[in-house]
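# Results of the structural survey
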Amino acid sequence: MLKPSLSRSLALLALLSLAACAAPELPKQNAEPAVLVQAAIPPGAPAQQALGRVRAAQLHLIASESGGRVARIEVDVGERVRRGQLLLQLDAAVALPRLAAARKELARAEAQLADRSRHRARVASLLDIGAASDADAEQAEIEYQAAQSGLAAARTELAAAGHELDAVQLRAPVDGAIAARHIERSAVAAPGAVLLEIDGDGAREIVALAPAAMAGSLQLGALLHWHSAALRGRAVVERIASRASGPDAREIVARVVEGEPQPGAIVVLELAAVALKATAQVPAAAVLSSRDGARSVRVLDADRRVREVPVELLQLVAGGALVAGELTPGTLVLAAGGQHVAPGTRVQPRLAAR
């Protein structure tokens, strides 16, 4: 007969064996990889627009060489002007008397030269008949040459006086429209200061302060759309400022290639050519490139399986890329690392911060 202590030990071993057999298996670790995803958003974000002002591609700055008090202003902003038309006149209190004196001196010098010319001819005739000496002829020649020099000096003074008067009478160098006026009547203009601006007829360009994100995504030659209340057209980027012109803004200049906006008009510039074709905006890192240059984005289906969608990369923009393809806003795309997850793989999505 078994001892009580031995019986208790055997019973305990039996219980332990039964417990070991009944213990459930440990769950296998989840093999689905975690991926960062982000929803595609509609293209054409507000940051891809900028307000601009239309101006002539040929802008003429009107300034005075000598400066002076403004006596008359004949034009105002927006008025059409013709080449040679008087725009503005400075005080001519000095220029007009000088011009009058120069004209009077020119008339005197011309009369004197005519007189010396006749005298030289008379002396030559007298010299032929022996009624005048060689010294007389030489003196007549000297007086004639002096009169010629006096006439040349008078003409030079008249030209200078005329130039001085032209300097106070500012005229339009081209046909166009007054774009800006920087001075008022009776004000004193400094030498070289710009007094008026004229938009010449011909090509037009749009100057805009674009959001830095928009300007940074543009390249020279990029095609933009512009529109105002009643007009629309296209423009090509010609200049992009290398430095910021204000808080989060840079100046861009685009030449109008379609449409006829008037100088001074305010228009909206936008990446319409890209936005109209784009179907979605995705993170830049979501766009994958194959060896043959094809582009694609990997997305999640309803059952959390990865699927590859071919796309066309249209333009890099602030915070992402504009793409065209079978991809719509709201679709979950692999925000980064998509090249490491094969199509068909079931994954655990983690929403990425924008």
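Criteria and thresholds
- Residues numbered from 1 in each chain as written.
- Predicted model: local features only at pLDDT ≥ 70, side-chain atom pairs only at ≥ 80, totals over all residues.
- Heavy atoms only, no water.
- Helix = DSSP H or I, 4+ residues; strand = E, 2+ residues; numbered from the N terminus.
- Buried < 20%, exposed > 50% of the residue type's maximum accessible area, 1.4 Å probe, protein only.
- Contact = heavy atoms within 4.5 Å.
- Areas by Shrake-Rupley, 256 points an atom, 1.4 Å probe, with all protein chains shown as cover.
- pLDDT = per-residue confidence, 0-100.
- Pairing = 2+ DSSP bridges.
- Phe/Tyr/Trp six-rings, centres within 6.5 Å; stacked < 30°, edge-to-face > 60°.
- Lys NZ or Arg CZ within 6 Å of the ring centre and 35° of its normal.
- Patch = residues over 30% accessible without salt bridge, like charges linked within 9 Å, V, L, I, M, F, W, Y side chains within 5 Å.
- Salt bridge = Lys/Arg side-chain N within 4 Å of Asp/Glu carboxyl O.
- Axes fitted to C-alpha atoms, helices over the stretch in contact; angles between N-to-C directions.
- Core = buried A, V, L, I, M, F, W, Y, C linked by side-chain atoms within 4.5 Å.

## A short note on the overall build of the protein chain
Each helix and strand in the protein chain was counted, giving 5 helices and 22 strands. Here the protein chain holds 354 residues, and the buried ones make up 33% of them. Partitioning the intrachain contacts of the protein chain with sequence separation of at least 6 by distance along the chain shows that 74% fall at a separation of at least 24. For the protein chain, the computed accessible surface area is about 20,500 Å², with 56% contributed by carbon and sulfur atoms.

## A word on the confidence of the model for the protein chain
The predicted model of the protein chain averages 84 in pLDDT, with 86% of residues at 70 or higher. The secondary-structure element of the protein chain with the lowest mean pLDDT is helix 1 (residues 4–22), recorded at 51, while strand 18 (residues 295–300) shows the highest, at 94.

## Topic: the sheet that holds strand 3 (residues 59–63)
The strand order 3-10-8-5 describes an open sheet built from 4 strands, whose pairing is antiparallel. In this open sheet, the two strands that pair with only one neighbour each are strand 3 and strand 5 (80–81). Here 5 bridges tie strand 8 (residues 176–181) to strand 10 (residues 194–200), and the two strands are oriented antiparallel to one another. By the bridge assignment, A180 is partnered in strand 10 with E197.

## Brief notes about the packing of aromatic side chains
Tallied over the entire structure, the rule returns 0 aromatic pairs. Between R120 and the ring centre of Y144, over which it is positioned, the NZ or CZ distance is 3.9 Å.

## Notes on a nonpolar patch on the surface
A surface patch of nonpolar side chains, about 220 Å² in accessible area, is lined by L59, L61 and V194. Structurally, the position occupied by V194 is in strand 10.

## So, the environment of A210
In this structure, A210 sits in strand 11 (residues 204–211). Residues A210 and R250, spaced 40 residues apart in sequence, show a C-alpha to C-alpha distance of 5.4 Å. Not counting the four nearest positions on each side in its chain, A210 is found in contact with A50, A215, D248, A249, R250 and I252.

## Looking at the pairing of strand 1 (residues 34–39)
Judged from the 4 bridges that link them, strand 1 and strand 22 (residues 348–351) form a sheet pairing that is parallel. What sits directly across from V37, in strand 22, is L351. Where strand 1 and strand 21 (residues 332–334) come together, 3 bridges link them in antiparallel fashion. Considered in strand 21, the bridge of V37 is made with L334.

## Regarding the sheet that holds strand 7 (residues 169–171)
Across the sheet, which stays open at both edges, the 4 strands sit in the order 7-6-4-9 with antiparallel pairing between neighbours. Each edge of the open sheet carries a strand with a single partner, namely strand 7 and strand 9 (188–189). Direction of pairing for strand 6 (residues 86–90) relative to strand 7: antiparallel, over a ladder of 3 bridges. What sits directly across from L88, in strand 7, is L170. On the sheet, helix 3 (residues 134–168) packs against strand 6 and strand 7 and is oriented at approximately 65 degrees with respect to strand 7.

## Describing the nonpolar core
One finds V81, L87, L88 and I198 to be the most contacted residues of the largest nonpolar core, which totals 22 residues. At the level of secondary structure, the elements contributing two or more residues to this core comprise strand 6, helix 2 (95–128), helix 3 and strand 10. In this structure, A215, A222, A254 and L269 belong to the second largest nonpolar core, which totals 18 residues.

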